[in-house]
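Now for the letters of each chain:
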Amino acid sequence: MNKLHLFLRTPTLNRKLLNPTSCLKEICSNKSFSSESDNNDKKPKKEEAISKLNDLLKKMLEDDVQLEPKIKLAQPSYKKEKFSKKKSISKEPVKENIVKAVKDVANTIPGDPKITESELLTKLLTPAVETPATYNLSDIVKGMKIDRETKPSERQTRAEQVKNILQRFKPSDQNLSSSNQRSQRRQQIPKKTVESSEKIDLFGSAPLGIFTKKEYIEGVENKTWKSLNERELKLAITHPPANYYQEMILWTEQGKIWKFPIDNEQGMESDSVSFDEHVFLERHLEGWCPSKGPIRHFMELVCVGLSKNPYISADAKKEHIMWYKNYFEDKKKLLLEVGAFPAETKSKQKSVE
Amino acid sequence: MSLFLRFRLRNIQKNTLGKTFYSSKAEEKIEIPNRIPRGPTDILRALESTVSRDPTAAHYKYHDDPFLIPMSNVGKRTFAMAQESGRKAAHWIRKEHADLFNHRECEPPIETFFPKITFNKNSKVTEEDLKNVIDDVQISEAVNVYKICKENNIEVSQVSQQKLLELLCYYNSEDTLDKEFIEERWFRQSSRLKEKQRKIWRDGNFAEELFISIENPTAEVYSAIIQGMAKHLQVERAWQLFEEAQQKGIIVNTDTYNSLIAVSNYLKEGYDQRWSFAFDLLSDLNRANLKPNLGTLNSVLKTLSTMGTGRVTKTYTLQVLREFKDIGIEPCLASWYYVLITFCKDRGPTSTILTDILNFVENKEHKIQDITDTNFFVTAMDICRNHLHDVDLARRVDKMLNFGSNYDLMGDSYKESIYYRNYFVLLSESLPLEEFMRDIYEKYVPHIYVPEPGVMGEILKIVDINGAIEFIPKLWSDMTVFDHTNRENLLETVLDIMVNNEIESELKENFSNIAWDIFNRIENQNENRTNKIMFTGDLLGKILTLVTRNKDFIKSCTVMDKLDKGHSTIVGVPKIEALSLFVDQCIEEKQPSRAISCIQYCSDSGFPEATILAARLNEKLTLDENHLNNLSKIVGDLSTMKAQ
């Protein structure tokens, strides 16, 4: 792995780093090389570690092939590449690509990707002099635990880590054109390994088998509790009104304004009497009231008056009319005499008509 | 009426006969549609459905005065709370001066506007009054009336007693927030939720007194008291009473079973015990022939969601879903919320169950069925961002939220801001920056969502990575509006971005203005502030760089003076690049004394580059004797050095 930073320093190899797969291959070949040298050292106590390592590397190489289509990495578009051709490869894209490549590598290697990644990056960015020449892969890998469980990575902190490290090695003469920098689009964050990416059939499991009866009864009911619960549910979705209509709806529900449409039935919803019962009262005259003459005239006026009265119920109105009916009934004799009441037969004929 | 109809009918027949020559004699039937009964708000709702949310306009509650429209989160909250406190003041006056509000102007009168009837010891009460206050959810007043009834030996029927008991149990004998105060409810935050983690049932409260006073308690009575205790986490006593009821052969209702299942994590420690506890209660329910309901499903799922990350928990969850599906109980959003938190644990493996759930709940309008329904959206978005990092899924969740009246299920302002926080950060990380700024940022900020400082930091970070510095002026002006300018880390990020991206364009002037703005803001901080931002050498160096780049020499000098004078108080020193830039600027402006004082500062700060700067000054400008002397005092003999 220590070789990696050496490639970095040689400008011709810089290009390779732009391609994460080639980069990965480099790392892998490098690893296998150093592990071979380990074998040559013949350290029996490390044998187990080495065989593990070999497995690991094999797996990496396999993964490597699969990785190619899976991971899309930002590559400077053709136009932009032309733009920056003269400067070979500017440092900014290299930086970005290193980070990405390393991220990918870290995710491929079992173990905590965060640790791996930061290790790789520190290695990459440490100047060659500081690294002891004998430092080889096995020394690094030796310290790693093989842990299959992927832990949720905290990207921000990792990104910060990377940035901090990069910051230190940022060249002071940064004369990159902004278009060049712009070509560096942020990548989609590599997804965590997903345990159950297959479709879960939510209702496909076997039932528990507790409720197998056909008939169930409703138990006793706490009516007030239920209504309070409904009240709370209603309040949970009652949010500050977002326009005037909503506000009016709210006010209507709270009983702060008259119900719409505003008519003379306001507040009388409880007695389910239609308005015609209140207004068209002539129907109660039929059968007893003469069709013309002073009594008819009087009764019609009574009906008009009653129909305009909003304060008494329809029944009271009817009662009122019936009172007159009885009254005239009592005075029938007199009325017949004065001719205000037509003779019996006539009235019958009228009603037939 | 009928006459009129007949007339019309005849008319129509005549018309049709006259016009269509061949029309048969078959009688034409006119169907008069039945009257559709409309509720009082139906027309309003129809009108309302034509108005959609305008993201460019402030919320309805803020737009009374365009000059006072709040922009920051704090501002919005303060504004709404001020309105609310106005309402409360009005309520208080009405209560204190009830006699002034009995003017019955309108007919029919609007009862809500009249002062509430209060009762004292001497007032004559009836059972009717008790019923009224219970229906009006005035808890302490209900207790009061009940006590007066008892004192005056007024018989209170068992039905009313039961009503009162249920009211007291539901609200733990405490007054609840009036339904009028919608704003307070919206901004109350979920602090209440945290409060609910511990026992809040007040032992020996009036509900318990009432319970004891009831002779031969029925199943309703037991159900009410057990539910009340379980709801307010007096779990041991609730369980005790449940067993007591069972011994007496009283069968409590399904909701009571539900409430006990829901608190199993307080009653049982181990996961296995919890599950067997819930399982036993379910079996009891079945044995008692009681019909399980949605609440039962949610309680079981809630229990399962507290049972760790094991695989078996997930299996149980799916089994429970199937079990209830078979008896015809469809899960609601609350059920899915519990399923989500069961499957997607922070420390567990990743699960894509959200996709499957979305397939099931998408493109539907959801009505609230459980108080926990409001947790669904915020949790789903959290999982999209932190668990799955899936933008497409996040977009689907957002689409579902905006479907029909689903937005009502958002919960409160706190949940809403967490929802958007997750949505924003996820999108900003995944979308190309231009697209994000154009489609998302412009749309939601500031009226629907105001990014918190943390989110703003994330956006700035992404701007930095993309080098998209043209957004900086816009973001800075937003930051000033949102009150983010007292965050040291944000100020530093902004300055860093501006310093690290040197450009030749009109942005330079913008940057200089921003830097100057930052300088002034730090300079003119309120003396009494607790955590004031202190100038650091680095910070001032960056400001110096930015104003110098724009050739604002006077401003540069002010910053340099600040540095120079505060040499002992300001922590750290600026980068030498900033100082060197300033010296160059001095040379350009032909201000050798300024340059010399800067070189003095360099030398005092221990920069070896002071000599180089001095040499450069000497070379570029013809210095008089005085200046030369000063310069040589600082860096030694000038004649021996050469500028590089």
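You'll find chain B entered in an unreviewed UniProt entry as Small ribosomal subunit protein mS39, with Brassicogethes aeneus given as the organism. Within the UniProt record for chain B, the comment given under Sequence similarities (unreviewed entry) is "Belongs to the mitochondrion-specific ribosomal protein mS39 family." Per UniProt, chain B carries the Subcellular location (unreviewed entry) text "Mitochondrion".

Taking an unreviewed UniProt entry as the reference, chain A is identified by name as Small ribosomal subunit protein mS31 belonging to Brassicogethes aeneus. Reading the Subcellular location (unreviewed entry) entry of the UniProt record for chain A gives the comment "Mitochondrion".

Draft legend 1. Structural detail: the overall build of chain B. When you go through chain B residue by residue, the secondary structure sums to 32 helices and one strand. Here the analysis covers contacts within chain B between residues at least 6 apart in sequence; of these, 69% occur between residues at least 24 apart. Per element, the accessible surface of chain B, about 32,400 Å² overall, is 50% carbon and sulfur.

Draft legend 2. Looking closely at the nonpolar core. In terms of nonpolar packing, the biggest core is built from 193 residues, with Trp-336, Phe-376, Phe-424, Phe-436, Tyr-441, Ile-472 and Ile-599 of chain B touching the most fellow members. Those residues in contact with Phe-376 of chain B that lie beyond four places of it in its chain are Leu-333, Trp-336, Tyr-337, Leu-340, Ile-357, Val-361 and Met-400 of chain B. In terms of nonpolar packing, the next biggest core, distinct from the first, is built from 15 residues, Trp-288, Met-299, Cys-303 and Tyr-324 of chain A among them.

Draft legend 3. The environment of Asp-272 of chain B, seen in detail. Residues and elements named next belong to chain B. Tracing the sequence through the fold places Asp-272 in helix α14 (residues 271–287). Under the relative-accessibility criterion, Asp-272 is labelled exposed at 65%. For the pair Asp-272 and Met-307, spaced 35 residues apart in the sequence, the C-alpha separation amounts to 8.4 Å.

Draft legend 4. Looking closely at the pattern of salt bridges. Residue and element names in this part refer to chain B. Applying the stated criterion to the full structure yields 35 salt bridges over all chains. For Arg-202, the salt bridge goes to Glu-174, with nearest N and O atoms at 3.6 Å. Here Glu-174 lies in the loop between α6 (158–171) and α7 (182–187) and Arg-202 lies in the loop between α8 (191–195) and α9 (206–213), a separation of 28 residues in the sequence. The exposure class assigned to Arg-202 is partly exposed, which follows from its relative accessible area of 40%. The network of salt bridges with common partners includes Lys-199, Asp-203, Glu-208 and Arg-237.

Draft legend 5. Seen up close, the packing of aromatic side chains. Enumeration over the complete set of coordinates arrives at 38 aromatic pairs over all chains. Ring centres of Phe-553 of chain B and Phe-582 of chain B lie 6.1 Å apart, and the angle between their planes is 10°; on these two criteria the pair is classed as stacked. Separated by 29 residues along the polypeptide, Phe-553 of chain B in helix α28 (residues 553–565) and Phe-582 of chain B in helix α29 (residues 576–589) bring together distant segments of the chain. Per residue, the accessibility class of Phe-553 of chain B equals that of Phe-582 of chain B, and both read buried. Among the aromatic residues, ring-to-ring pairing joins Tyr-419, Tyr-420, Tyr-423, Phe-424, Phe-436, Tyr-441, Tyr-444 and Tyr-449 of chain B into one connected group. Taking NZ or CZ as reference, Lys-88 of chain B lies 5.0 Å from the ring centre of Phe-181 of chain B, over its face. Across the ring face of Phe-203 of chain A, the terminal group of Lys-325 of chain B is positioned such that the distance to the ring centre comes to 4.5 Å.

Draft legend 6. Spatial organisation of the side chain of Asn-406 of chain B. Residues and elements named next belong to chain B. Note on placement: Asn-406 falls in the loop between α20 (391–401) and α21 (413–430). Polar side-chain contacts of Asn-406 include one of 3.0 Å to the backbone oxygen of Lys-364. Dropping the residues within four chain positions of it, Asn-406 is found in contact with Lys-364, Glu-365, His-366, Phe-377, Met-400 and Leu-401.

Draft legend 7. Geometry of the interface of chain B and chain A. Taken together, the contact pairs 117 residues of chain B with 83 residues of chain A. Of the roughly 9,100 Å² buried between chain B and chain A on both sides combined, carbon and sulfur atoms contribute 59%. With its nearest N and O atoms 2.6 Å apart, the salt bridge here joins Arg-45 of chain B to Glu-253 of chain A. Here chain B is connected to chain A by 33 residue pairs in polar contact (both at pLDDT 80 or more).

Draft legend 8. Fine view of the UniProt feature "repeat: PPR" (unreviewed entry) in chain B. Sites flagged by UniProt as "repeat: PPR" (unreviewed entry) map to residues 218–252 of chain B. Structurally, residues 218–252 of chain B comprises 74% helix and 0% strand, and the distance from its first C-alpha atom to its last is 9 Å.

Draft legend 9. Highlighting helix α12 (residues 254–262) of chain B. All names here are of chain B. Buried residues dominate α12, accounting for eight of its nine residues. Within the span of α12, buried status applies to Thr-254, Thr-256, Tyr-257, Asn-258, Ser-259, Leu-260, Ile-261 and Ala-262. In the core, the buried residues of α12 are packed alongside α10 (219–231), α11 (235–247), α13 (264–267), α14 and α15 (294–305).

Draft legend 10. Geometry of the confidence of the model for chain A. When pLDDT is averaged along chain A, the result is 65; 42% of the residues meet or exceed 70. pLDDT under 50 marks residues 345–353 of chain A. Its contacts with residues more than four places away, or in other chains, come to two contacts.

Draft legend 11. Structural context of the packing of helix α19 (residues 376–388) of chain B against α20 of chain B. All names here are of chain B. Running from amino to carboxyl end, α19 crosses α20 at an angle of 170°, the nearest separation of the two axes being 9 Å. Taken together, α19 and α20 sit at an angle that is classed as roughly antiparallel. Listed contacts from α20 to Phe-376, Phe-377, Ala-380, Met-381, Cys-384 and Leu-388 of α19 are Leu-393, Ala-394, Val-397, Asp-398, Met-400 and Leu-401. Of the residues that constitute the contact of α19 with α20, the class distribution is eleven nonpolar, no polar and one charged.

The rules behind these values
- Residues numbered from 1 in each chain as written.
- Chains lettered and ligands numbered in written order.
- Predicted model: local features only at pLDDT ≥ 70, side-chain atom pairs only at ≥ 80, totals over all residues.
- Heavy atoms only, no water.
- UniProt positions renumbered as here; feature names shortened; annotations may be inferred.
- Helix = DSSP H or I, 4+ residues; strand = E, 2+ residues; numbered from the N terminus.
- Contact = heavy atoms within 4.5 Å.
- Areas by Shrake-Rupley, 256 points an atom, 1.4 Å probe, with all protein chains shown as cover.
- Core = buried A, V, L, I, M, F, W, Y, C linked by side-chain atoms within 4.5 Å.
- Buried < 20%, exposed > 50% of the residue type's maximum accessible area, 1.4 Å probe, protein only.
- Salt bridge = Lys/Arg side-chain N within 4 Å of Asp/Glu carboxyl O.
- Phe/Tyr/Trp six-rings, centres within 6.5 Å; stacked < 30°, edge-to-face > 60°.
- Lys NZ or Arg CZ within 6 Å of the ring centre and 35° of its normal.
- Polar contact = N/O pair within 3.5 Å; in protein donor to acceptor, adjacent residues only side chain to side chain.
- Buried area = accessible area lost by both parts, 1.4 Å probe.
- pLDDT = per-residue confidence, 0-100.
- Axes fitted to C-alpha atoms, helices over the stretch in contact; angles between N-to-C directions.
- Parallel < 35°, antiparallel > 145°, perpendicular 65-115°, else oblique.
- Nonpolar A, V, L, I, M, F, W, Y, C, P; charged D, E, K, R; others polar.

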